[in-house]
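# Summary of the model geometry
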Amino acid sequence: MATGAGWAPLRSVERHGAPRAGGGTRSKSVAPGPRRPSPSPARSRPAPDNGGSADSCRVRVAVRLRPKNSEELAHGADFDNCVELQPESKRLKLKKNNWNCESYRFDEVFSENASQKRVYEVVAKPVVESVLEGYNGTVMAYGQTGTGKTYTVGRLGKDDPSERGIMVRALEHILSSMSFETDCIAISYLQLYLESVQDLLAPEKTNIPIVEDAKTGEVSLPGAAIVEIKDLEHAFQLLQIGEANRHAANTKMNTESSRSHAILIIHLQRSSRIKGENCRSLSNDTLDIFPDNLPLVLKSKLLIVDLAGSERIDKSGSEGHMIEEAKFINLSLSSLGKCINALAENSPHIPIRDSKLTRILRDSFGGTARTSLVVTIGPSSRHCSETSSTIMFGQRAMKVVNTIKLKEEVDYEILYKKMEREVDQLTSEMERQQKVIKSEKMQLDKKLKESEKAFHDLRLTSNMQIENLEKEKCHLESAVKNLMQTLEEEKGQRNLLSEQIIELEKLLNENKQQQLENISKTKILADTSKEHEKEMGELLKLLEEERSCSSSMKNRMSVLQQQLCDAQSSAQLQESMAREFEKKLTKVTEEFTSQLQSLRKNISELISEKEVIYEELKSTQEKAQQEMRHRQGLEDQILRMKQSASDNCAEVSKASCGMVRSGSGLGNAAFVSKSGKLREAVSGQRGTISKIFEEVGLPNVLSLLKSEDLDVQIHAVKVVANLAAEDINQERIVEEGGLDALLSLLETSENTTIHRVTAGAVANLAMNGSNQGVIMNKGGARLLANVASKTDDPQTLRMVAGAIANLCGNEKLHLMLKQDGGIKALLGMFRSGHIDVIAQIARGIANFAKCESRVISQGHRKGRSLLIEDGVLTWMVANSTRFSASTRRHIELAFCHLAQNEDNTCDIIASGGIKELLRISRESPREDTRNLAKKALDSNPAFLREVQ
């Protein structure tokens, strides 16, 4: 594909669908040339294949045959069919003459009986489903004028759902497939008219630029209105607004021929995740870019294009401005055809920049969008050459291959909200943990102190017990030692006694006498020995008890030592935990400190910015004071000039009021003075005004409208009114804020002269069609109606009536004009009885009726006239013959236009308007008015019955 002027693919992180071969076949065809290489499939996944077709990535083309129209049916054999359809084989035969025909194959062939539903399901539904999956798509209608393109694409069918075209059905399909909690849909509706991109939803936006991204090649239209929709009813309203603003005209080929290319852009945004099987199809780099927990969004765009029909001037009968329109239409279609030819032939250069249409559609042919084209043809052999050209366009388009891409982006808004929630949760969790850690630390410190205290007490107690045990041990050892010594002594004594007993026994044998004595002594000694042995056993038993008590004290001391070790290890663990908590607390404190420093830095920057702004404010105040001094000087200069212009103030007022002209109505108001003397006064005053304008400047003149001096205000308004009478000054006055100042004077001033001259200035500004909508949007009609209700001055009422009459010439403002009370105010000014005021009333009613009749005849609006609802019809019947010829002519013309609307029939009959119509058809001095009245009588059966 060519670079620079070529149709380059997007260069973003996208998923590419691999292109597949495909193209239409023809009985006399030549094999297509080599296909262009597709972009690299890195970080890609293939596009879904709807219906399993092998041609899913090339441009799919269907042909639709229009039924015969009334003209072709009336001529019968003169307009024989030049087309023969073979829907079962998806072929079409074009008869060039009785013996020669050619056969063409398309993706689908629709006969004249094909329903709108079937056309949508075959042509547009696969593209819409692809758009819902995240791919860009285009559905386009191409063909000769009058072959049914707008019917196929743009038919609203609000009353009959079966008549709905592709636009409405695509929106209905998308809305039914979306979840408004996570998805959103918005539309833009544009027209390409005379090579100027205009917004159909905001008509004031014209010449919208086309911008191409240098990196991705993506085309955008900055400044175009993008309206988010929530339901089908809202979409209907927007489409109706767009259709009402689209340019159309009546030609020999088509009664409602589109004079511009209409482009409906549907912007779709849906949430997405890359999971499961989709992840396996992605490279590792893509998985690094799009992790599972990262919110992604699919952004896709659907273009539905209703091209204006190609036409030949000799057949369509176009003339005047319509020839210029046809020239631009044919040029843009010719540029599109050249691009299709270049793409079909693999040309190294694609002439994409030859037309704004091809720049807008650069993504649809050879780009990254899935494209379906429906070509519409007529059956008549009269237009065989145009039919053949349309068929060849479709055949070449079938050779164009697109590389569709899935564009996924990170949803930074959701990610930001998610991260914000996580930060809040982490902050609250950190604060909670800090509180828990602080409380745990306090508890651990408390337990540590209690443990240390208990350990200290236990240590003191154990030391005291050990000392007591040592003392008791020493006492016991000394007691045992004493007992052992005593036992030794007693044992020695016992041994002595035993020896003595032995000696005594010896002596007993010697002496019985002595034996008895010795026996008694032995008993005494035995008793003593037993007593000593008993005491010794008790001492041994006491020694054993002391030993067991000593061992138990040793065991208890070892247990206490073990508890002391455990308490020390627990204290060490608590100290380590406390150190970790202190580290975390230190880290958090450092983070908070850094944040605090950044906040202090931001505050210092804001303080410096505040000082800079204060300096700028101070300089601005000084400039304002200089402007005030300059303005005071200008006011003094105006007061000096006022003395020179005081002689002809009345003539200037009348002349400025007489400059009111119709903006888009039925002719200029007859407010030009016939007096040569007055013309000289006006000329002299205009010279004075031009001198003031050149010397003072428009901004300074407008600033004097806010002067507190009433005379200065009046003269400033007169100058602005005279300037507004010139076409070259009107837009500039509005841009410089002059309209706002004039409307403010209408609202706030109570001076009759101010009201009269200001209304004349507004009337002059309303002569410019681009200013009319601005005046209405700023409440100009409401303010004019207010002034009309408060004054009886004929000249003021004449100015107000002229301004409202100019606004009546814009059919787009009728409903707003009625709602703001403009029609009632216009009719209410009849009370003055002044012939000039009544002439302006009649002109405004005629303007309103003519524009309303044109809108209703074009099918943009239905129902009774808005004039009838405000009682205008009754007023016209009662006063149609009372005034001057020019006033009667306006009333008669308005009456004839009201009679063209069949919804007004009952009101006209009830008000006695039939007699008035008959009178106009016979007695009106103008032939066109008589013909219009006759047409209304002849075309309405109810009128004919009343006449009979």
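As the structure is a computational prediction, the values presented were derived from the model and not from experiment.

Thresholds, definitions, all that
- Residues numbered from 1 in each chain as written.
- Predicted model: local features only at pLDDT ≥ 70, side-chain atom pairs only at ≥ 80, totals over all residues.
- Heavy atoms only, no water.
- Helix = DSSP H or I, 4+ residues; strand = E, 2+ residues; numbered from the N terminus.
- Buried < 20%, exposed > 50% of the residue type's maximum accessible area, 1.4 Å probe, protein only.
- Areas by Shrake-Rupley, 256 points an atom, 1.4 Å probe, with all protein chains shown as cover.
- pLDDT = per-residue confidence, 0-100.
- Contact = heavy atoms within 4.5 Å.
- Pairing = 2+ DSSP bridges.
- Phe/Tyr/Trp six-rings, centres within 6.5 Å; stacked < 30°, edge-to-face > 60°.
- Axes fitted to C-alpha atoms, helices over the stretch in contact; angles between N-to-C directions.
- UniProt positions renumbered as here; feature names shortened; annotations may be inferred.
- Salt bridge = Lys/Arg side-chain N within 4 Å of Asp/Glu carboxyl O.
- Expected span 1.5 Å × (residues − 1).
- Core = buried A, V, L, I, M, F, W, Y, C linked by side-chain atoms within 4.5 Å.
- Parallel < 35°, antiparallel > 145°, perpendicular 65-115°, else oblique.
- Left-handed = near helix turned anticlockwise from the far one by under 90°.
- Nonpolar A, V, L, I, M, F, W, Y, C, P; charged D, E, K, R; others polar.

## Notes on the overall build of the protein chain
Looking only at helices and strands, the protein chain features 33 helices and 18 strands. The buried share of the protein chain, taken over its 948 residues, is 44%. Taken as a whole, the protein chain presents about 50000 Å² of accessible surface, with 51% of it coming from carbon and sulfur.

## Overview of the confidence of the model for the protein chain
Detailed reading of the predicted model is not advised wherever pLDDT is low. Chain-level pLDDT for the protein chain is 78 on average; 82% of the residues reach the 70-or-more range. Counting contacts from residues 1-55, a segment whose pLDDT is below 50, to residues more than four positions away or on other chains yields 147 contacts. Under a pLDDT of 50 for its full length, residues 274-287 has, in the predicted model, 17 contacts with residues more than four places off or in other chains.

## As for the pairing of strand β2 (residues 60-65)
Two faces, one strand: in a regular strand the side chains alternate between the faces of the sheet. Counting buried residues in β2 gives five out of six residues, a clear majority hidden from the surface. As judged from the six bridges shared by β2 and strand β17 (residues 370-377), these two strands associate in the parallel manner. Bridging across to β17, R64 finds its partner in T376. Sheet topology places β2 next to strand β6 (residues 108-110); three bridges connect them, and they run parallel. Across the sheet, the residue bridging to R64 is F110, located in β6.

## Some thoughts on the environment of D903
Tracing the chain through its elements places D903 in the loop between α29 (885-899) and α30 (905-910). Separated by 41 residues in the primary sequence, D903 and K862 place their C-alpha atoms 7.9 Å from one another. Beyond its immediate chain neighbours, meaning those up to four positions away, D903 contacts K862, G863 and R864.

## Points about the packing of aromatic side chains
Scanning the entire structure with this criterion turns up three aromatic pairs. A centroid spacing of 5.5 Å and a plane angle of 80° characterise the contact between F830 and W875, whose relative ring orientation is edge-to-face. In this pair, F830 is assigned in the loop between α25 (822-828) and α26 (835-857) and W875 in helix α28 (residues 872-879), connecting sequence segments 45 residues apart. Accessibility expressed as a relative area gives 22% for F830, which makes it partly exposed. Between the aromatic rings of F830 and F883, the centroid separation amounts to 6.0 Å while the plane-to-plane angle is 80°, which identifies the pairing as edge-to-face. In this pair, F830 is assigned in the loop between α25 and α26 and F883 in the loop between α28 and α29, connecting sequence segments 53 residues apart. Each residue in the set F830, W875 and F883 is aromatic and connected to the rest through ring pairs, giving one cluster.

## Concerning the sheet that holds strand β3 (residues 83-86)
Strand order in the open sheet made by the three strands is β3-β4-β5, with antiparallel pairing throughout. Of all strands in the sheet, those bounded by a partner on one side alone are β3 and β5 (101-105). In this sheet, neighbouring strand axes are inclined to one another by 20° on average, regardless of whether the strands run parallel or antiparallel. Relative to β5, strand β4 (residues 91-95) is paired through five bridges, and the arrangement is antiparallel. Bridging from a neighbouring strand, L92 pairs with Y104 of β5. On the sheet, helix α11 (residues 384-397) packs against β3, β4 and β5 and is oriented at approximately 145° with respect to β4.

## Remarks on the UniProt feature "binding site: ATP" (unreviewed entry) in the protein chain
The sites that UniProt annotates as "binding site: ATP" (unreviewed entry) are G143, Q144, T145, G146, T147, G148, K149 and T150. Along the chain, G146 turns up in the loop between β7 (137-143) and α3 (149-154). Overall, the relative accessible area of 24% leaves G146 in the partly exposed class. Inspection of the secondary structure puts G148 in the loop between β7 and α3.

## Re the pattern of salt bridges
Inspection of every chain in the model, using the stated rule, returns 24 salt bridges. R246 is the salt-bridge partner of D306, the closest N and O atoms lying 2.9 Å from each other. Linking D306 in strand β16 (residues 296-306) with R246 in the loop between α5 (232-245) and β13 (248-249), this pair joins segments that are 60 residues apart in sequence. Per residue, the accessibility class of D306 equals that of R246, and both read buried.

## Observations regarding helix α9 (residues 321-344)
Here α9 is 24 residues long and its end C-alpha atoms lie 35 Å apart, about the 34 Å a rise of 1.5 Å per residue gives. Note on α9: the residue one or two positions beyond its end, N346, has a positive phi of about 55°.

## Things to note about the nonpolar core
By size, the foremost hydrophobic cluster in this structure holds 86 residues, and its most contacted members are L705, M829, I845 and M876. Broken down by element, the residue count for this core peaks at nine residues, all from helix α17 (residues 710-724). With residues up to four places along the chain from it excluded, the contact list for M829 reads A788, L797, V800, A801, I804, V837 and I841. In this structure, V83, L85, C339 and I391 belong to the second largest nonpolar core, which totals 50 residues.

## Digging into α17
One turn of the α-helix equals 3.6 residues, which is why residues spaced by three or four share an orientation. Across its 15 residues, α17 extends 21 Å between first and last C-alpha, which sits within 8% of the 21 Å expected from 1.5 Å per residue. Of all 15 residues making up α17, 13 are buried, and the element is well covered by its neighbours.

## Quick notes on the packing of helix α31 (residues 913-923) against helix α32 (residues 927-939)
Where α31 meets α32, the closest approach of the two axes is 7 Å, and the angle between their N-to-C directions is 140°. Between α31 and α32, the interaxial angle falls into the category oblique. Note on packing geometry: the crossing formed by α31 with α32 is left-handed. From α31, L917, L918, I920, S921 and R922 reach across to α32, where they touch T929, R930, A933, K934 and L937. Split into classes, the residues belonging to the contact of α31 with α32 amount to five nonpolar, two polar and three charged.

## As for unusual backbone geometry
At E195, a residue that is not glycine, the phi angle is positive and equals roughly 60°. When you line up the elements, E195 lands in the loop between β8 (184-193) and β9 (196-199). For N346, which is not glycine, the phi torsion reads 55° and is therefore positive. Locating N346 in the fold gives a position in the loop between α9 and α10 (356-360).

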